[in-house]
Amino acid sequence: MHIGKVIRSRLTGELILPVSLRINRPDGSFAGVLLESVVIDYFRHFYARFVIDDDSTLMMMLNNGTVLYRHPYNERAIGSSISATPLYQKHIGQQASGVRTPSMARMRKKSTASLICSSFP
């Protein structure tokens with residue numbers, strides 16, 4: 001399976017996430033490609049169900065740090081990379097799932113959680 005970068009559909013003008021999967025014949029030879037485009041608004045509706053603090057963020061990203069979706073919604077963040085940030089380099093980029101409480105922010109304990117889905121690219 002390949003998950004591409006978020007792009008703007010030439011047909012509808014909406015942001016979409018292309019996903020493709022190689023299809024093999026029973027003997028393992030190439031039989032074709034299955035292509036699906038997920039409309040980013042799907043994630044907008046999905047993540048809207050999560051109640052988070054005003055200073056909190058939920059993100060879905062590729063292993064290389066490319067942001068596929070951000071809640072609260074911020075179109076400018078979609079497609080950008082967080083790979084140069086200390087959080088990514090120290091934890092996420094090292095394939096380290098877990099919860100960390102590294103510091104105090106605004107007199108509140110600030111936690112960071114990440115989950116690496118090894119079955120997806």
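Quick look at the overall build of the protein chain now. Secondary structure summary: the protein chain contains two helices and eight strands in total. Seen in sequence order, the protein chain has helices and strands lined up from the N terminus as β-β-β-β-α-β-β-α-β-β. Across the 121 residues in the protein chain, those meeting the buried criterion constitute 24%. Carbon and sulfur atoms make up 56% of the accessible area of the protein chain, which totals about 8800 Å².

Residues of the protein chain with pLDDT of at least 70 account for 76%, and the chain-wide mean is 83. The least confident element of the protein chain, judged by mean pLDDT, is strand β7 (residues 98-105) at 55; the most confident is strand β4 (residues 30-39) at 96.

Glancing now at unusual backbone geometry. Backbone torsion omega between histidine 71 and proline 72 reads 5°, so that peptide bond is classified as cis. Turning to its location among the elements, proline 72 is positioned in the loop between β6 (67-71) and α2 (86-90).

With four bridges connecting them, strand β5 (residues 58-61) and β6 associate as antiparallel partners. When the sheet's bridge partners are listed, leucine 58 is paired in β6 with histidine 71. Connecting the antiparallel pair β5 and β6 is a turn made up of five residues, with glycine 65 showing a positive phi of about 95°.

So, on to the environment of methionine 59. Tracing the backbone through its elements, the reader meets methionine 59 in strand β5. Under the relative-accessibility criterion, methionine 59 is labelled partly exposed at 34%. Excluding its chain neighbours within four sequence positions, the residues that come into contact with methionine 59 are Val67, Tyr69, Arg70 and Ile82.

What counts, and at which threshold
Residues numbered from 1 in each chain as written. Predicted model: local features only at pLDDT ≥ 70, side-chain atom pairs only at ≥ 80, totals over all residues. Heavy atoms only, no water. Helix = DSSP H or I, 4+ residues; strand = E, 2+ residues; numbered from the N terminus. Buried < 20%, exposed > 50% of the residue type's maximum accessible area, 1.4 Å probe, protein only. Areas by Shrake-Rupley, 256 points an atom, 1.4 Å probe, with all protein chains shown as cover. pLDDT = per-residue confidence, 0-100. Pairing = 2+ DSSP bridges. Contact = heavy atoms within 4.5 Å.

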